[in-house]
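If you want the building blocks of each chain, they are given just below.
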Amino acid sequence: DVKVTQSSRYLVKRTGEKVFLECVQDMDHENMFWYRQDPGLGLRLIYFSYDVKMKEKGDIPEGYSVSREKKERFSLILESASTNQTSMYLCASSGLTYEQYFGPGTRLTVT
Amino acid sequence: AQSVTQPDIHITVSEGASLELRCNYSYGATPYLFWYVQSPGQGLQLLLKYFSGDTLVQGIKGFEAEFKRSQSSFNLRKPSVHWSDAAEYFCAVVPNNAGNMLTFGGGTRLMVKP
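Residues numbered from 1 in each chain as written. Chains lettered and ligands numbered in written order. Predicted model: local features only at pLDDT ≥ 70, side-chain atom pairs only at ≥ 80, totals over all residues. Heavy atoms only, no water.

1. Digging into the environment of F51 of chain B
And then number 1: Positionally, F51 of chain B belongs in the loop between β6 (44–50) and β7 (56–58).
And then number 2: The exposure class of F51 of chain B is partly exposed, given its relative accessible area of 28%.
And then number 3: The contacts of F51 of chain B, once residues within four sequence positions are left out, are T97, Y98 and E99 of chain A together with Y32 and F34 of chain B. (Helix = DSSP H or I, 4+ residues; strand = E, 2+ residues; numbered from the N terminus. Buried < 20%, exposed > 50% of the residue type's maximum accessible area, 1.4 Å probe, protein only. Contact = heavy atoms within 4.5 Å.)

What follows is the structure, given as structure tokens:
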């Protein structure tokens, strides 16, 4: 089975802190994705990566950056966390067959 | 604009009743189609997918979905709902020219009455 893990299930950070969310997949997938999920807004794509060191902006990249130094790992970085970044963050990966496999999510609260 | 629509935000059914969740898309060519389920506080789990071929596809947990090209729909069904099916359900598509980019519907929250 495909396994996508995220470093934390719950995270509480203060405004202005730098926040790292880590995602690891074990299926040698080329593509990895970061979404945020908010009530009433559904899932929105922040960034994705189709190869090591490659990244593309999604629909809402502002305030975020990403890093993919190894194929199995995709990190989402909040350079200076703000309260409007309080959300559920979901990581996913996919290979050649398009379906995406999701991690359990990280619920981030910024106070 | 190209989109995926799930018209029902909330649905409540009785345990043992049948279920149909609606999904419509507005893309010119038939996209790749998916249904995901999300239990509270969890990530999304793939229920089933349609790429081509037989328009009735079977998935996990007793779910099935039917692709209807004429209606641009991909509705999810289950003949008899269990209390454990209470969750949020997302329809998603990959347009044929969009690589691996999933576009999600807004989701339908299913509640199951005892």
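Read on, since the account is not over.
2. Examining the pairing of strand β8 (residues 64–68) of chain B
Residue and element names in this part refer to chain B.
And then number 1: Taken together, the three bridges between β7 and β8 define a ladder with antiparallel strand orientation. Considered in β8, the bridge of L56 is made with E66.
And then number 2: A loop of five residues connects β7 with β8, the two strands running antiparallel in sequence, and K61 in this loop sits at a positive phi of about 60°.
And then number 3: The sheet contact formed by β8 and strand β9 (residues 73–78) spans five bridges and is antiparallel. Within β9, the residue paired with E66 across the bridge is N75.
And then number 4: Hairpin connection, β8 to β9: the antiparallel pair is bridged by four residues, and S72 has positive phi, about 50°. (Pairing = 2+ DSSP bridges.)

3. A look at the interface of chain B and chain A
And then number 1: With 18 residues of chain B at the interface, the matching set in chain A holds 19 residues.
And then number 2: For the chain B and chain A pair, buried surface summed over both sides reaches about 1600 Å², with 60% attributable to carbon and sulfur atoms.
And then number 3: If you sort the residues of chain B by the area they bury against chain A, L44, N100 and M101 of chain B come out on top, with a joint share of 33%.
And then number 4: Linking chain B to chain A there are one salt bridge.
And then number 5: A salt bridge links E99 of chain A to K49 of chain B; the shortest N-O distance between them is 2.5 Å.
And then number 6: Linking chain B with chain A are five residue pairs in polar contact (both at pLDDT 80 or more), by the criterion used here.
And then number 7: For the side of chain B that touches chain A, the secondary structure elements donating two or more residues are β5 (32–38), β6 and β10 (87–94) of chain B.
And then number 8: The biggest single contributor to the side of chain B that touches chain A is β5 of chain B, with four residues.
And then number 9: In terms of residue class, the side of chain B that touches chain A is made up of 11 nonpolar, six polar and one charged. (Buried area = accessible area lost by both parts, 1.4 Å probe. Salt bridge = Lys/Arg side-chain N within 4 Å of Asp/Glu carboxyl O. Polar contact = N/O pair within 3.5 Å; in protein donor to acceptor, adjacent residues only side chain to side chain. Nonpolar A, V, L, I, M, F, W, Y, C, P; charged D, E, K, R; others polar.)

4. Some remarks on the state of the cysteines
Residues and elements named next belong to chain B.
And then number 1: This structure, assessed with the given rule, holds two disulfides over all chains.
And then number 2: Covalently, C23 is tied to C91 through a disulfide, its sulfur atoms 1.9 Å apart. In this structure the cystine formed by C23 and C91 twists about its S-S bond by roughly -60°; its chirality is therefore left-handed. Linking C23 in the loop between β3 (19–21) and β4 (24–25) with C91 in strand β10, this pair joins segments that are 68 residues apart in sequence. C91 carries the same exposure label as C23, and that label is buried. (Disulfide = S-S within 2.5 Å.)

Note that every value here comes from positions in space, so none of it alone points to a role or purpose.
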